[in-house]
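So the chains spell out like this:
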Amino acid sequence: MGDNWLYRHRIVAFLFWVQMLACMFAEVEIQIEGAAGWAASLPTWRIEQYWLLDLFWGGRPLTGYHAWVFSFMALVFHLPVFFVPRWGWRQEVQVVGGVMLFWIIEDFLWFALNPAYGIEKFSPALIPWHKHWFLGMPTDYLTFSVLGICLIALSLWPGKQTQVQAS
């Protein structure tokens, strides 16, 4: 079986862990935001319009809440860097792909589990902060799901496992 078998099973465990983190964090955000999604009622700063927001943020405002929480979760996902003796490009693309999938799953669960929404209210008419929709979902869901899955698949690409020593 070898290292490849073990690595593939760790990917399955990693994806399960990403889903569990997303579910837990969705519940936390439901408690924080309630029905007022995208930090609409939180005492935080907001940048409503800027061309880079359209490019990288799906046209949504950048809030202080989201700037800090996105940075926090990126650090959480990179925590293994400090506990493994070696870190390489495969682990990094897996982490980046995992972060992408985390946010898509978390966002969808925010709607699905939120008593103020539920699946029946998952529509562009009721969710103004998701500005771009395709096939009944925010375009971010499609873009980042495909990109996240591709990055995780890339981490499984056969070949020599080259890693760098973590410091």
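Residues numbered from 1 in each chain as written. Predicted model: local features only at pLDDT ≥ 70, side-chain atom pairs only at ≥ 80, totals over all residues. Heavy atoms only, no water.

Quick notes on the overall build of the chain
Each helix and strand counted, the chain has five helices and six strands in total. Principal axes of the C-alpha set define a box for the chain whose edges measure 50 × 30 × 30 Å. Residues classed as buried in the chain amount to 38% of the 167 residues present. Computed over 9 positive and 11 negative side-chain charges, the separation of the two mean positions in the chain equals 12 Å. (Helix = DSSP H or I, 4+ residues; strand = E, 2+ residues; numbered from the N terminus. Buried < 20%, exposed > 50% of the residue type's maximum accessible area, 1.4 Å probe, protein only. Lys, Arg positive; Asp, Glu negative; His and termini not counted. Charge placed at Lys NZ, Arg CZ, Asp CG, Glu CD.)

Quick notes on helix α4 (residues 89–113)
Its 25 residues give α4 an end-to-end C-alpha distance of 35 Å, which sits within 8% of 36 Å, the value for a rise of 1.5 Å per residue. When you tally the buried positions in α4, you get 18 out of 25 residues, the bulk of the element. (Expected span 1.5 Å × (residues − 1).)

Let's talk about the environment of Gln 91
In this structure, Gln 91 sits in helix α4. Sequence separation of Gln 91 and Leu 53 is 38 residues, and the distance between their C-alpha atoms is 28 Å.

Examining a nonpolar patch on the surface
Where nonpolar side chains cluster on the molecular surface, the patch consists of Trp 45, Ile 47, Tyr 50, Trp 51, Leu 55 and Phe 56 and spans about 740 Å² of accessible area. Here the nonpolar patch takes three residues from helix α2 (residues 51–56), the largest share from any one element. Inspection of the secondary structure assignment puts Trp 45 in the loop between α1 (2–33) and β1 (46–47). Since its relative accessible area comes to 43%, Trp 45 is described here as partly exposed. (Patch = residues over 30% accessible without salt bridge, like charges linked within 9 Å, V, L, I, M, F, W, Y side chains within 5 Å. Areas by Shrake-Rupley, 256 points an atom, 1.4 Å probe, with all protein chains shown as cover. Salt bridge = Lys/Arg side-chain N within 4 Å of Asp/Glu carboxyl O.)

Examining the pattern of salt bridges
By the definition in use, this model includes two salt bridges. Of the charged contacts, one joins Arg 46 and Glu 48 as a salt bridge, the two residues approaching to 2.9 Å between their closest N and O atoms. With its nearest N and O atoms 2.6 Å apart, the salt bridge here joins Arg 60 to Asp 140. Here Arg 60 is found in the loop between α2 and β2 (62–63), whereas its partner Asp 140 is found in helix α5 (residues 139–155), with 80 residues between them in sequence. By relative accessible area, which is 9% here, Arg 60 ends up buried.

Quick word on the side chain of Thr 63
Inspection of the secondary structure assignment puts Thr 63 in strand β2. A polar atom in the side chain of Thr 63 sits 2.7 Å from the side chain of His 66. (Polar contact = N/O pair within 3.5 Å; in protein donor to acceptor, adjacent residues only side chain to side chain.)

As for the environment of Ile 152
Turning to its location among the elements, Ile 152 is positioned in helix α5. For the pair formed by Ile 152 and Val 93, sequence separation is 59 residues and the distance between their alpha carbons is 6.5 Å. With sequence-adjacent residues up to four places away left out, Ile 152 is seen in contact with Ile 11, Phe 14, Leu 15, Val 93, Gln 94, Gly 97, Gly 98 and Leu 101. (Contact = heavy atoms within 4.5 Å.)

Here we look at the side chain of Glu 33
Along the chain, the position of Glu 33 falls in helix α1. For the buried residue Glu 33, which engages in no salt bridge, the nearest side chain bearing the opposite charge is Arg 46, 7.6 Å off. At 2.8 Å, the side chain of Glu 33 forms a polar contact with the backbone nitrogen of Ala 39. Discounting residues that sit within four places of it in the chain, Glu 33 has contacts with Trp 38, Ala 39, Leu 42, Tyr 65, His 66 and Trp 110.

As for the nonpolar core
Counting residues in hydrophobic clusters, the biggest one holds 19 residues, and the most contacted among them are Val 18, Phe 25, Met 73, Phe 77, Phe 102 and Trp 103. Of all the elements in the fold, those that place two or more residues in this core are α1, α3 (64–77) and α4. Other than its neighbours up to four places away in sequence, Met 73 contacts Phe 25, Phe 102 and Trp 103. In this structure, Ile 30, Trp 110, Phe 111 and Tyr 117 belong to the second largest nonpolar core, which totals 13 residues. (Core = buried A, V, L, I, M, F, W, Y, C linked by side-chain atoms within 4.5 Å.)

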